[in-house]
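# Structural description and commentary
Chain residues, written in single-letter form:
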Amino acid sequence: MKPEDRKDIRTAARQKIKTTVDFIIDGDVEQATSFDVSKTGIRFETSEPIKVRMRLTFSGELKEFYSRLVWAKRNPDGTMSYGFEFIPDDDECVF
């Protein structure tokens, strides 16, 4: 599918910011079921999203919240881009 053919399914307006992002993966043991394994990787499923704690500075203030990976792609220059969705936590998401 060409990028111009993709339908934008965003549910919220985006704000452009460039800041350092810290990822924190909780030390809990999560259960998963593998479906295929090769020398270069694995595909597995979990019953719940794997939570990643994310910390970044926004509007001069350090924000922290849980998120889950929703997409990943390799860029033409070899770098990677990732899309994460904020998920509910005891603390309210600030965005």
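Check the entry above for the structure.
Not measured: the values here are computed from a predicted model.

Conventions adopted
Residues numbered from 1 in each chain as written. Predicted model: local features only at pLDDT ≥ 70, side-chain atom pairs only at ≥ 80, totals over all residues. Heavy atoms only, no water. Helix = DSSP H or I, 4+ residues; strand = E, 2+ residues; numbered from the N terminus. Buried < 20%, exposed > 50% of the residue type's maximum accessible area, 1.4 Å probe, protein only. Phe/Tyr/Trp six-rings, centres within 6.5 Å; stacked < 30°, edge-to-face > 60°. Lys NZ or Arg CZ within 6 Å of the ring centre and 35° of its normal. 1 Å grid on protein atoms, 1.4 Å probe; cavity = no way out; pocket = protein on both sides within 12 Å on 5 of 7 lines; lining within 4 Å. Points joined across faces, edges and corners; volume = space filled by probe spheres on them. Pairing = 2+ DSSP bridges. Patch = residues over 30% accessible without salt bridge, like charges linked within 9 Å, V, L, I, M, F, W, Y side chains within 5 Å. Areas by Shrake-Rupley, 256 points an atom, 1.4 Å probe, with all protein chains shown as cover. Salt bridge = Lys/Arg side-chain N within 4 Å of Asp/Glu carboxyl O.

## Notes on the side chain of Arg53
- Mapping Arg53 onto the fold places it in strand E4 (residues 52–58).
- Judged by its relative accessible area of 11%, Arg53 falls in the buried class.

## Considering the packing of aromatic side chains
- Evaluation of the coordinates by the stated rule reveals one aromatic pair.
- A ring pair is formed by Phe65 and Phe86, whose centres lie 4.0 Å apart and whose planes are at 85°; its orientation type is edge-to-face. Linking Phe65 in strand E5 (residues 61–74) with Phe86 in strand E6 (residues 80–87), this pair joins segments that are 21 residues apart in sequence.
- When the ring centre of Tyr66 is taken as reference, the NZ or CZ atom of Lys51 above it lies at 4.9 Å.
- Taking the ring centre of Tyr66 as reference, the NZ or CZ of Arg53 above it sits at 4.6 Å.

## Examining the layout of surface pockets
- As a volume, the second largest pocket reaches approximately 190 Å³.
- Together, Ile25, Phe44, Thr46, Glu48, Pro49, Ile50, Val52, Arg68 and Leu69 line the second largest pocket.

## What to know about unusual backbone geometry
- Located in the positive-phi region is Ser59, a residue other than glycine, with phi close to 55°.
- If you trace the backbone, Ser59 turns up in the loop between E4 and E5.
- Note on Ser59: relative accessible area 68%, which makes it exposed.

## Points about the pairing of E6
- With eight bridges connecting them, E5 and E6 associate as antiparallel partners. Within the sheet, the bridge partner assigned to Trp71 lies in E6 and is Gly83.

## Points about a nonpolar patch on the surface
- Residues Val37, Ile42, Phe44 and Ile50 make up a contiguous nonpolar surface patch of roughly 370 Å² in combined accessible area.
- Note that Val37 resides in strand E2 (residues 33–37).

## Remarks on the pairing of E5
- With seven bridges connecting them, E4 and E5 associate as antiparallel partners. Opposite Arg55, over in E5, you have Glu64 as the bridge partner.
- Between E4 and the antiparallel strand that follows it, E5, lie two residues; Ser59 among them carries a positive phi value of about 55°.
- Remark: five residues form the turn of the hairpin made by E5 and E6, two consecutive strands paired antiparallel; Gly78 in that turn has positive phi of roughly 95°.

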